[in-house]
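Analysis of the macromolecular model
For reference, the chains in residue letters:
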Amino acid sequence: MTTIRPFTCEDMLYFNTVNLDPLTETYGLSFYTQYLAHWPEYFQVAESPSGEIMGYIMGKAEGLGENWHGHVTALSVNPDYRRLGIAATLMNILEEVSEKKKAYFVDLFVRVSNKVAINMYKNLGYIVYRTVLEYYSGDPDEDAYDMRKACSRDVNKKSVVPLTHPVRPEEVD
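Rules used throughout
- Residues numbered from 1 in each chain as written.
- Predicted model: local features only at pLDDT ≥ 70, side-chain atom pairs only at ≥ 80, totals over all residues.
- Heavy atoms only, no water.
- Helix = DSSP H or I, 4+ residues; strand = E, 2+ residues; numbered from the N terminus.
- Buried < 20%, exposed > 50% of the residue type's maximum accessible area, 1.4 Å probe, protein only.
- Polar contact = N/O pair within 3.5 Å; in protein donor to acceptor, adjacent residues only side chain to side chain.
- Contact = heavy atoms within 4.5 Å.
- Core = buried A, V, L, I, M, F, W, Y, C linked by side-chain atoms within 4.5 Å.
- Pairing = 2+ DSSP bridges.

**As for the side chain of His69**
Position of His69 among the secondary structure elements: in strand 4 (residues 69-77). Classification of His69 by relative accessible area gives buried; the value is 2%. Polar side-chain contacts of His69 include one of 3.5 Å to the side chain of Asp107. Setting aside residues no more than four positions away along its own chain, His69 makes contact with Lys60, Ala61, Glu62, Ala103, Phe105 and Asp107.

**A closer look at the nonpolar core**
Membership of the largest hydrophobic core comes to 39 residues, with the highest contact counts inside it found for Tyr56 and Tyr121. Secondary-structure elements contributing two or more residues to this core are helix 2 (29-38), strand 2 (44-47), strand 3 (53-62), strand 4, helix 3 (86-100), strand 5 (105-111) and helix 4 (115-123). Residues within four places of Tyr121 in sequence aside, it is in contact with Leu75, Met91, Leu108, Val110, Tyr126 and Met147. Membership of the second largest hydrophobic core comes to five residues, among which are Phe109, Val132, Ala144 and Val167.

**A closer look at unusual backbone geometry**
In this model, Asp139 is joined to Pro140 through a cis peptide bond whose omega is 5 degrees. In this structure, Pro140 sits in the loop between strand 6 (127-136) and strand 7 (142-150). Backbone geometry places Lys102, a non-glycine residue, at a positive phi of 60 degrees. Considering the arrangement of structural elements, one finds Lys102 in the loop between helix 3 and strand 5. Phi at Lys157 is positive, roughly 55 degrees, even though this residue is not glycine. If you trace the backbone, Lys157 turns up in the segment after strand 7.

**Some remarks on the pairing of strand 7**
By the bridge criterion, seven bridges tie strand 5 to strand 7 in an arrangement that is antiparallel. Bridge pairing in strand 7 links Val106 to Lys149. In this sheet, strand 7 lies alongside strand 6 in antiparallel orientation, the contact comprising six bridges. Looking at the pairing, Tyr136 lines up with Glu142 of strand 7. Hairpin geometry of strand 6 and strand 7 is characterised by an intervening segment of five residues between the two adjacent antiparallel strands.

Keep in mind that these numbers describe shape and distance, not what the molecule does.
Written out as C-alpha coordinates, the structure reads:
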(Lines give C-alpha, C1' and ligand atoms only; values in the text may rest on other atoms or scores of the structure.)
Protein backbone atom coordinates (compact mmCIF):
# COMPACT_ATOMS: atom_id res chain seq x y z
CA MET A 1 0.00 0.00 0.00
CA THR A 2 1.33 3.40 -0.97
CA THR A 3 1.50 6.09 1.68
CA ILE A 4 1.24 9.74 0.71
CA ARG A 5 2.82 11.99 3.31
CA PRO A 6 4.51 15.38 3.63
CA PHE A 7 8.05 15.56 2.29
CA THR A 8 10.73 15.99 4.99
CA CYS A 9 14.34 17.17 4.91
CA GLU A 10 15.44 13.58 5.54
CA ASP A 11 13.77 12.53 2.26
CA MET A 12 16.45 14.48 0.37
CA LEU A 13 18.90 11.75 1.40
CA TYR A 14 16.81 9.05 -0.29
CA PHE A 15 15.22 10.42 -3.45
CA ASN A 16 18.12 9.96 -5.88
CA THR A 17 16.46 7.01 -7.63
CA VAL A 18 13.58 9.30 -8.48
CA ASN A 19 15.76 12.23 -9.56
CA LEU A 20 18.10 10.23 -11.80
CA ASP A 21 15.50 10.24 -14.59
CA PRO A 22 16.84 12.44 -17.45
CA LEU A 23 13.46 14.21 -17.75
CA THR A 24 13.45 15.22 -14.07
CA GLU A 25 14.82 18.64 -13.25
CA THR A 26 17.20 18.30 -10.32
CA TYR A 27 17.89 21.28 -8.08
CA GLY A 28 20.33 22.16 -5.31
CA LEU A 29 19.43 21.20 -1.75
CA SER A 30 18.76 24.84 -0.82
CA PHE A 31 16.06 24.98 -3.51
CA TYR A 32 14.25 21.98 -2.02
CA THR A 33 14.54 23.34 1.52
CA GLN A 34 13.20 26.72 0.39
CA TYR A 35 10.08 25.04 -0.99
CA LEU A 36 9.76 22.89 2.10
CA ALA A 37 9.94 25.98 4.32
CA HIS A 38 7.59 28.20 2.27
CA TRP A 39 5.08 25.75 0.79
CA PRO A 40 5.19 22.52 2.84
CA GLU A 41 1.59 21.63 1.96
CA TYR A 42 2.62 21.56 -1.73
CA PHE A 43 5.53 19.17 -1.13
CA GLN A 44 4.36 15.54 -0.84
CA VAL A 45 5.99 12.16 -1.23
CA ALA A 46 4.66 8.72 -2.16
CA GLU A 47 6.30 6.00 -0.07
CA SER A 48 6.25 2.23 -0.55
CA PRO A 49 5.52 -0.16 2.34
CA SER A 50 9.28 -0.79 2.60
CA GLY A 51 9.96 2.95 2.98
CA GLU A 52 11.29 3.54 -0.54
CA ILE A 53 10.41 6.87 -2.14
CA MET A 54 8.20 6.05 -5.11
CA GLY A 55 7.73 9.65 -6.23
CA TYR A 56 7.20 13.20 -5.10
CA ILE A 57 5.57 16.46 -6.06
CA MET A 58 6.84 19.93 -5.25
CA GLY A 59 4.90 23.10 -5.91
CA LYS A 60 3.89 26.51 -4.69
CA ALA A 61 1.21 29.19 -4.76
CA GLU A 62 2.01 32.38 -6.63
CA GLY A 63 0.60 35.26 -8.67
CA LEU A 64 -1.73 38.19 -8.05
CA GLY A 65 -5.42 38.74 -8.69
CA GLU A 66 -6.83 36.42 -11.35
CA ASN A 67 -3.29 35.10 -11.87
CA TRP A 68 -3.24 33.59 -8.32
CA HIS A 69 -2.49 29.93 -8.93
CA GLY A 70 -0.89 26.71 -7.83
CA HIS A 71 2.27 25.79 -9.68
CA VAL A 72 3.80 22.33 -10.11
CA THR A 73 7.55 22.84 -9.89
CA ALA A 74 8.47 19.16 -10.02
CA LEU A 75 6.62 15.87 -10.31
CA SER A 76 8.67 12.72 -10.59
CA VAL A 77 8.03 9.02 -10.09
CA ASN A 78 10.69 6.33 -9.75
CA PRO A 79 10.73 4.32 -13.04
CA ASP A 80 9.97 1.12 -11.07
CA TYR A 81 6.65 2.60 -9.91
CA ARG A 82 5.37 4.29 -13.07
CA ARG A 83 1.93 3.64 -14.57
CA LEU A 84 0.44 2.86 -11.16
CA GLY A 85 -1.44 6.15 -10.76
CA ILE A 86 1.07 7.69 -8.36
CA ALA A 87 1.61 10.82 -10.46
CA ALA A 88 -2.16 11.32 -10.79
CA THR A 89 -2.60 10.92 -7.02
CA LEU A 90 0.13 13.47 -6.30
CA MET A 91 -1.34 15.90 -8.84
CA ASN A 92 -4.76 15.53 -7.25
CA ILE A 93 -3.31 16.46 -3.85
CA LEU A 94 -1.64 19.56 -5.28
CA GLU A 95 -4.89 20.55 -7.00
CA GLU A 96 -6.81 20.13 -3.72
CA VAL A 97 -4.31 22.36 -1.90
CA SER A 98 -4.68 24.95 -4.67
CA GLU A 99 -8.48 24.83 -4.33
CA LYS A 100 -8.18 25.45 -0.58
CA LYS A 101 -5.94 28.43 -1.31
CA LYS A 102 -8.63 29.80 -3.67
CA ALA A 103 -6.39 29.56 -6.74
CA TYR A 104 -7.80 30.28 -10.18
CA PHE A 105 -5.78 27.54 -11.87
CA VAL A 106 -2.88 25.11 -11.56
CA ASP A 107 -0.04 25.28 -14.06
CA LEU A 108 3.13 23.41 -14.91
CA PHE A 109 5.85 23.37 -17.53
CA VAL A 110 6.75 20.24 -19.48
CA ARG A 111 9.24 19.56 -22.26
CA VAL A 112 7.52 19.43 -25.65
CA SER A 113 9.35 16.14 -26.29
CA ASN A 114 7.90 14.48 -23.16
CA LYS A 115 4.87 13.00 -24.90
CA VAL A 116 4.09 10.52 -22.10
CA ALA A 117 3.84 13.31 -19.51
CA ILE A 118 1.88 15.59 -21.86
CA ASN A 119 -0.69 12.84 -22.48
CA MET A 120 -0.96 12.13 -18.76
CA TYR A 121 -1.57 15.80 -18.00
CA LYS A 122 -4.18 16.01 -20.76
CA ASN A 123 -5.92 12.96 -19.27
CA LEU A 124 -5.96 14.81 -15.94
CA GLY A 125 -7.75 17.75 -17.58
CA TYR A 126 -4.83 20.06 -18.42
CA ILE A 127 -4.61 22.00 -21.67
CA VAL A 128 -1.64 23.49 -23.50
CA TYR A 129 -2.01 27.15 -22.62
CA ARG A 130 1.09 28.35 -24.49
CA THR A 131 4.51 27.37 -25.76
CA VAL A 132 7.53 28.86 -24.01
CA LEU A 133 10.45 29.01 -26.42
CA GLU A 134 13.82 27.62 -25.28
CA TYR A 135 12.61 27.20 -21.69
CA TYR A 136 14.85 24.21 -20.92
CA SER A 137 18.56 24.69 -21.36
CA GLY A 138 20.52 22.07 -23.24
CA ASP A 139 22.15 21.43 -26.56
CA PRO A 140 19.97 22.56 -28.16
CA ASP A 141 17.62 24.37 -25.80
CA GLU A 142 14.13 22.88 -25.70
CA ASP A 143 10.71 24.49 -25.73
CA ALA A 144 8.18 23.89 -22.98
CA TYR A 145 4.43 23.73 -22.87
CA ASP A 146 2.81 25.77 -20.14
CA MET A 147 -0.12 23.51 -19.29
CA ARG A 148 -3.05 24.64 -17.17
CA LYS A 149 -6.15 23.37 -15.47
CA ALA A 150 -8.79 25.76 -14.17
CA CYS A 151 -9.83 25.58 -10.52
CA SER A 152 -13.42 26.08 -9.37
CA ARG A 153 -12.78 29.76 -8.58
CA ASP A 154 -12.30 30.43 -12.32
CA VAL A 155 -15.99 30.04 -13.09
CA ASN A 156 -15.65 31.38 -16.66
CA LYS A 157 -12.45 29.37 -17.33
CA LYS A 158 -10.59 32.50 -18.46
CA SER A 159 -7.28 31.10 -17.21
CA VAL A 160 -7.34 28.26 -19.72
CA VAL A 161 -8.03 30.12 -22.95
CA PRO A 162 -4.90 29.20 -24.96
CA LEU A 163 -2.60 31.90 -26.27
CA THR A 164 -2.19 31.90 -30.04
CA HIS A 165 1.51 32.77 -30.08
CA PRO A 166 4.61 31.43 -28.28
CA VAL A 167 6.40 33.45 -25.61
CA ARG A 168 9.98 33.69 -24.38
CA PRO A 169 10.90 32.68 -20.81
CA GLU A 170 11.31 36.30 -19.73
CA GLU A 171 7.70 36.97 -20.77
CA VAL A 172 6.31 34.32 -18.42
CA ASP A 173 4.59 35.98 -15.47
